[in-house]
Amino acid sequence: MSMIVQKFGGTSLESAEKIHRAARRAIRAKLGGHRVVLVVSAMGKSTDQLLTLASAVCHDPPKRELDVLLTTGEQVSIALVAMAIHSAGHEAISLTATQLGLVTDSSHMRARIQRISRERIDRELEEGRIVIVAGFQGTDPGGEITTLGRGASDTTAAALAAVLGATVCEIYTDVDGVYTSDPRIVPQATKIDELAYDVMLEMAATGAGVMHSRAIEFGKKFHVPIHVRSSLTDAKGTMIMAETSGMEAISVQGVTLKEDLAVISLNAVPNHRGVAARIFAEIARNHVLVDDIVQNIYDHGKLANLGFSTNASDAAEAKTVCEKIATELGIGSVEVDEGVCKISAVGIGMRTHSGIASTMFEALSKADINIENISTSEIVISCIVRQDDGPEALRRLHTAFGLDAKSNGGEGA
Ligand code: ADP
Ligand code: ASP
Ligand code: MG
């Protein structure tokens, strides 16, 4: 019997009616002859509401307690979805990460999955039940509750799909697939039918919030196709899968925006062997996630300016870490520039098409948008711009790369 993992996001569970809808979809898959495992997120915006509540109670809530708090959101959903399935006359059981045996490391708020036990799930499936798993959460080896990072119910789903050998991991959400850009910012964006894991991975990593990037890593590593689709219709969505030969034909498949970044600049850094290693080891030790890094050498090679971007929420911590080692390493000063964002163009075809960078820079220049930093990799070109310029920059790039929907309602470039 084939196995399907279905994941429902917060907006797809925000009301009793939507919970019943998700339940019906799971039952349909079961009646279609599949073993069904559901992964659910917290209802609606409840994770945000819990975070607001936490900061109303405590200025700097301990991460451990935040994890205890936030995991309650998913626990509400699993119980309600199980009840909805029961009320439709089918058997279901809800499982938290602890009940299931989903073990992570101990990094609160950004834990990584270490192993998933399939024993309990297999037993329940064997009994003919639909299993409903709480997304986003884990337990560390000492039994502490952890969470996997915002939006990470996708990752729970893909990891489970990998462990269980599911034929597909279906991600049900409030859009009908992955678009060429965020449709909330770029109304001209169009749905993409098929995407290679690598492109989706880069789109997610550079801001396409529709999927959590670590979910794509699991899909790619364990060859699980991921189907992103609407929870409201039966229409086919976007299939994320291994690269096919036709995919190279399009140079840029998506443009993305990553908001709320900060650039940390270390000025007058002595240009000695081992200095960068020392700085970034300290940053990594403090679990600050570093995005792009730039270094310029000056003063005849004696000094360097070293900058890196990070999430604005990590900026204060990053600054403290850098300031601590600044004196020890003889670094001139540490500055933080908040209020920046990153726009990126992503596509496998970039490997073989030229002129992508110049199209990007020209589009931004015509829009009078200044580029503060540029970074490139094999299938991505990114620019740091002021946060206020981000949405307009995204729309300009979408047009410049020929991705806008045709006025006749066609599928775009
Ligand atoms: P869920 O609650 O189902 O996990 P999310 O809010 O995490 O849903 O993801 C869906 C949202 O992602 C969409 O409403 C859309 O605004 C946003 N989004 C950002 N980039 C894209 C993109 N390239 N394609 C589709 N949606 C995108
Ligand atoms: N509820 C969590 C969040 O809002 C996880 C998820 O929705 O994927 O980030
Ligand atoms: Mg999501």
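What counts and how
Residues numbered from 1 in each chain as written. Chains lettered and ligands numbered in written order. Predicted model: local features only at pLDDT ≥ 70, side-chain atom pairs only at ≥ 80, totals over all residues. Heavy atoms only, no water. Pairing = 2+ DSSP bridges. Helix = DSSP H or I, 4+ residues; strand = E, 2+ residues; numbered from the N terminus. Axes fitted to C-alpha atoms, helices over the stretch in contact; angles between N-to-C directions. Contact = heavy atoms within 4.5 Å. Near = heavy atom within 4 Å. Polar contact = N/O pair within 3.5 Å; in protein donor to acceptor, adjacent residues only side chain to side chain. Areas by Shrake-Rupley, 256 points an atom, 1.4 Å probe, with all protein chains shown as cover. Nonpolar A, V, L, I, M, F, W, Y, C, P; charged D, E, K, R; others polar. Buried < 20%, exposed > 50% of the residue type's maximum accessible area, 1.4 Å probe, protein only. Arc of directions from axis to C-beta. pLDDT = per-residue confidence, 0-100.

1. Quick notes on the sheet that holds strand 17 (residues 373-377)
Sheet strands pair by backbone hydrogen bonding; their relative direction is either parallel or antiparallel.
Here's step 1: Spatial ordering of the open sheet is given by 14-15-13-16-18-17, a layout of six strands whose pairing is antiparallel. Only two strands of the sheet have a single neighbouring strand rather than two, namely strand 14 (290-298) and strand 17. Ignoring which end each strand starts from, the neighbouring axes of this sheet average 30° apart.
Here's step 2: Note that strand 13 (residues 254-270) and strand 15 (residues 303-311) share eight bridges and pair antiparallel. Bridge assignment links Ile264 to a residue of strand 15, and that residue is Phe308.
Here's step 3: Helix 10 (residues 315-329) rests against strand 13, strand 15 and strand 16 (333-346) of the sheet, and its axis sits at about 130° to strand 16.
Here's step 4: Against the sheet, helix 11 (residues 356-366) contacts strand 16, strand 17 and strand 18 (380-386), and its axis sits at roughly 20° relative to strand 18.

2. A short note on the site of ligand 1
Here's step 1: Within the structure, ligand 1 sits among 19 residues, and Thr173, Asp174, Tyr179, Asp182 and Arg184 are positioned closest to it.
Here's step 2: In the model, an oxygen atom of ligand 1 is placed 3.1 Å from a nitrogen or oxygen of the Lys7 side chain.
Here's step 3: With respect to ligand 1, the backbone of Tyr179 contributes an N or O atom lying 2.8 Å from a nitrogen atom.
Here's step 4: Taking 570 Å² as the accessible area of ligand 1 by itself, protein coverage stands at 84%.
Here's step 5: Partitioning the shell around ligand 1 into residue classes produces eight nonpolar, seven polar and four charged.

3. What to know about the site of ligand 2
Here's step 1: Neighbouring ligand 2 are the residues Ser41, Ala42, Thr47, Glu74, Phe136, Arg150, Gly151, Ala152 and Ser153.
Here's step 2: In this structure, Ser41 approaches ligand 2 through a side-chain N or O atom, which is 3.2 Å from an oxygen atom.
Here's step 3: In the model, a nitrogen atom of ligand 2 is placed 2.7 Å from a nitrogen or oxygen of the Glu74 side chain.
Here's step 4: The fraction of the free accessible surface of ligand 2 (260 Å²) that becomes covered by protein chains is 86%.
Here's step 5: Per-class residue counts for the shell around ligand 2 are three nonpolar, four polar and two charged.

4. Focus: helix 5 (residues 119-126)
Here's step 1: Among all positions in helix 5, only Ile121, Glu124 and Leu125 are buried. Buried residues of helix 5, seen end-on, are gathered within an arc of 100° and therefore sit on one face of the element. Relative to its buried face, helix 5 has exposed residues pointing more than 90 degrees away, namely Glu119 and Glu126.
Here's step 2: Buried positions along helix 5 lie against strand 1 (3-8), strand 2 (35-40), strand 3 (92-95), helix 4 (97-100), strand 6 (130-134) and helix 6 (153-164).

5. Remarks on the sheet that holds strand 12 (residues 238-241)
Here's step 1: Strand order in this open sheet of eight strands is 3-6-2-1-9-11-12-10, and the pairing throughout is mixed. Strands with a single pairing partner mark the edges of an open sheet, and in this sheet they are strand 3 and strand 10 (194-196). Put simply, the sheet's adjacent strands are angled 20° from each other on average, direction ignored.
Here's step 2: When strand 9 (residues 168-173) meets strand 11 (residues 226-230), the two strands line up parallel, connected through five bridges.

6. Comments concerning the pairing of strand 17
Here's step 1: Two strands pair when backbone bridges link them, and strand 17 and strand 18 are joined in this way by five bridges, in the antiparallel orientation. By the bridge assignment, Ser377 is partnered in strand 18 with Val380.

7. Observations regarding the confidence of the model for the protein chain
Here's step 1: Of the residues in the protein chain, 98% reach a pLDDT of 70 or more, and the chain-wide mean stands at 94.
Here's step 2: Every residue in residues 408-413 is under pLDDT 50, and counting partners more than four places away or in other chains gives 16 contacts.

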